[in-house]
Amino acid sequence: MLFDRLAGTAKELLPKLDRWVDEFVWNPANPEICFTTADHGEERIFCTYPNLGDSLFALPGKGSMESCSLRR
């Protein structure tokens, strides 16, 4: 769920996502949200661009993650 404070509206960001989000970060330099979630027994990082609708892509690599953060 994404809430637009200026417009006062809420929308479901990824209605077709069938996984639980473990951690998420909002990239302040880009309109991008990245999050970790279990994917076929491993932890993966996925990202989406809220202004592009139902866009979702997985970053390469698999394994386990302790936390999620973005750095410049």
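This structure is a prediction, so every number in the text was calculated from the model and none was measured.

A. Focus on the environment of F3. Looking at the element boundaries, F3 is found in strand β1 (residues 2–4). Note on F3: relative accessible area 53%, which makes it exposed. Separated by ten residues in sequence, F3 and L13 place their C-alpha atoms 9.5 Å apart. With near-sequence residues (within four places) excluded, F3 lies in contact with G8, T9 and A10.

B. How the structure looks around the pairing of strand β3 (residues 23–27). One ladder, built from five bridges, connects β3 with strand β4 (residues 32–39); its direction is antiparallel. The partner of V25 across the bridge, within β4, is C34. Hairpin connection between β3 and β4: a loop of four residues separates the two successive antiparallel strands.

C. Structural context of the sheet that holds β4. Strand order across the open sheet formed by four strands is β3-β4-β5-β6, with antiparallel pairing between neighbours. Two strands close off the open sheet at either side, each with one partner strand: β3 and β6 (57–58).

D. Highlighting the pairing of β4. With respect to burial, β4 is a largely interior element, seven of its eight residues being buried. Relative to strand β5 (residues 42–48), β4 runs antiparallel, the two being bridged by seven bridges. Across the sheet, the residue bridging to A38 is E43, located in β5.

Scoring rules and cut-offs
- Residues numbered from 1 in each chain as written.
- Predicted model: local features only at pLDDT ≥ 70, side-chain atom pairs only at ≥ 80, totals over all residues.
- Heavy atoms only, no water.
- Helix = DSSP H or I, 4+ residues; strand = E, 2+ residues; numbered from the N terminus.
- Buried < 20%, exposed > 50% of the residue type's maximum accessible area, 1.4 Å probe, protein only.
- Contact = heavy atoms within 4.5 Å.
- Pairing = 2+ DSSP bridges.

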